[in-house]
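Each chain, letter by letter, is given below.
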Amino acid sequence: MQSSAYGASLAGGTFDLGSFVKQPQTIVRCLSWLFSIVVFATITAEGYVNPATKSEEKCMFNGTDSACSYGVGIGVLAFLACVIFLVLDAYFPQISNAKERKLIVIADLVFSAAWTFLWFICFCVLANQWSKTPKENIVTGDAARAVIAFSFFSIPTWALLTFFALGRYRQGVSEFDQEYRDPANDHTTPYPPAQYPGSSGPTGYQQSPFPHSQEQPGDYQPPAY
């Protein structure tokens, strides 16, 4: 029986494209990758408009350039992270070192949890700024609504990635606990635990080889000459 750690065999396996594509984690990560492209690409292409009352381009979200910059930054980093973790997911069964797997799973867990929160902040900021945008300054309303919608869709996808990473981490910890067993507490072995001097617990009493009923010598009598 091959030992496993964090959802895959420790012996190292080959890459199976069919099973990899069908994994829920792969599907959700691809959706997160697609949503991030829609957000930062839409803002980059149509997010900066030139209102009729101003000569310079401003962000379509109430002219707040920081809102557009935040959306682009979060989207680009999410896009790059999805690509990196997709590669790591494909290479994961071939990693035989349990410590390396643990680091990958922890990195996935921390990043996914952080980006779930950041996408929520992004959605709140963009929706708030869009609600304050004057109607006369609205030029690309469909693009703004698409950015807000896909920012919202990114929240549950990254939350699912956090859930999957947490499940893999717990699985790895439980498998380690099951495989490690203290020999002193292992009752399945045919050999009893050894007793050491000074250890706690009952110890056997070894009887003296001389019987207690042996008569004791009497008084010493000097020999007669």
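Refer to the structure printed above.
The shown structure was predicted, so the numbers you read here are calculated from the model rather than taken from an experiment.

### Focus on the overall build of the protein
- Secondary structure assignment for the protein yields five helices and four strands.
- The order of helices and strands in the protein, counted from the N terminus, is β-β-α-α-β-β-α-α-α.
- Per-residue burial for the protein yields a buried fraction of 30% across its 225 residues.
- Just so you have it, the protein exposes about 14,900 Å², and 62% of that area is on carbon and sulfur atoms.

### Thoughts on a nonpolar patch on the surface
- A surface patch of nonpolar side chains, about 330 Å² in accessible area, is lined by Trp 33, Leu 34, Val 83 and Val 87.
- Every element with two or more residues in the nonpolar patch is listed here: α2 (24-46) and α3 (65-91).
- The topology assignment puts Trp 33 in helix α2.

### Observations regarding the pattern of salt bridges
- Enumeration according to the criterion identifies five salt bridges in this entry.
- Of the charged contacts, one joins Asp 108 and Arg 29 as a salt bridge, the two residues approaching to 2.9 Å between their closest N and O atoms. Taken as a pair, Asp 108 in helix α4 (residues 98-131) and Arg 29 in helix α2 lie far apart in primary sequence, 79 residues in all. Just as Asp 108 is buried, Arg 29 falls in that class too.
- As a salt-bridge pair, Arg 168 and Asp 89 come within 3.8 Å of each other at their nearest N and O atoms.

### As for the environment of Arg 168
- Position of Arg 168 relative to the elements: it lies in helix α5 (residues 141-179).
- Residue classification places Arg 168 among the buried positions, given a relative accessible area of 12%.
- In sequence terms Arg 168 and Ile 106 are 62 residues apart; their C-alpha atoms lie 9.3 Å from each other.

### Focus on unusual backbone geometry
- The phi angle at Asn 62 is positive, at roughly 60 degrees, despite the residue not being glycine.
- Locating Asn 62 in the fold gives a position in the loop between β4 (58-59) and α3.

### Some points on the environment of Trp 130
- Checked against the element boundaries, Trp 130 lands in helix α4.
- With a relative accessible area of 15%, Trp 130 lands in the buried category.
- For the pair Trp 130 and Ile 148, spaced 18 residues apart in sequence, the C-alpha separation works out to 8.9 Å.

### A short note on the nonpolar core
- With 26 residues, the main nonpolar core has Met 60, Phe 61, Trp 115, Trp 119, Leu 126, Val 147 and Trp 158 as its most contacted residues.
- At the level of elements, α2, α3, α4 and α5 are the ones that each hand at least two residues to this core.
- Beyond its immediate chain neighbours, meaning those up to four positions away, Trp 158 contacts Ser 32, Ala 78, Ala 81, Cys 82, Phe 111, Ser 112, Trp 115, Thr 116 and Trp 119.

### Observations concerning the packing of α2 against α3
- Interaxial distance between α2 and α3 falls to 8 Å at its minimum, and their mutual angle equals 150 degrees. By the criterion of interaxial angle, the relationship of α2 to α3 is roughly antiparallel. Crossing of α2 over α3 shows left-handed handedness. Contacts between α2 and α3 involve Gln 25, Thr 26, Arg 29, Cys 30, Ser 32, Trp 33, Ser 36, Ile 37, Val 39, Phe 40, Ile 43 and Thr 44 from the former and Cys 68, Gly 71, Val 72, Gly 75, Val 76, Ala 78, Phe 79, Cys 82, Val 83, Phe 85, Leu 86 and Asp 89 from the latter.
- In terms of residue class, the contact of α2 with α3 is built from 15 nonpolar, seven polar and two charged.

What counts, and where the lines are drawn
Residues numbered from 1 in each chain as written. Predicted model: local features only at pLDDT ≥ 70, side-chain atom pairs only at ≥ 80, totals over all residues. Heavy atoms only, no water. Helix = DSSP H or I, 4+ residues; strand = E, 2+ residues; numbered from the N terminus. Buried < 20%, exposed > 50% of the residue type's maximum accessible area, 1.4 Å probe, protein only. Areas by Shrake-Rupley, 256 points an atom, 1.4 Å probe, with all protein chains shown as cover. Patch = residues over 30% accessible without salt bridge, like charges linked within 9 Å, V, L, I, M, F, W, Y side chains within 5 Å. Salt bridge = Lys/Arg side-chain N within 4 Å of Asp/Glu carboxyl O. Core = buried A, V, L, I, M, F, W, Y, C linked by side-chain atoms within 4.5 Å. Contact = heavy atoms within 4.5 Å. Axes fitted to C-alpha atoms, helices over the stretch in contact; angles between N-to-C directions. Parallel < 35°, antiparallel > 145°, perpendicular 65-115°, else oblique. Left-handed = near helix turned anticlockwise from the far one by under 90°. Nonpolar A, V, L, I, M, F, W, Y, C, P; charged D, E, K, R; others polar.

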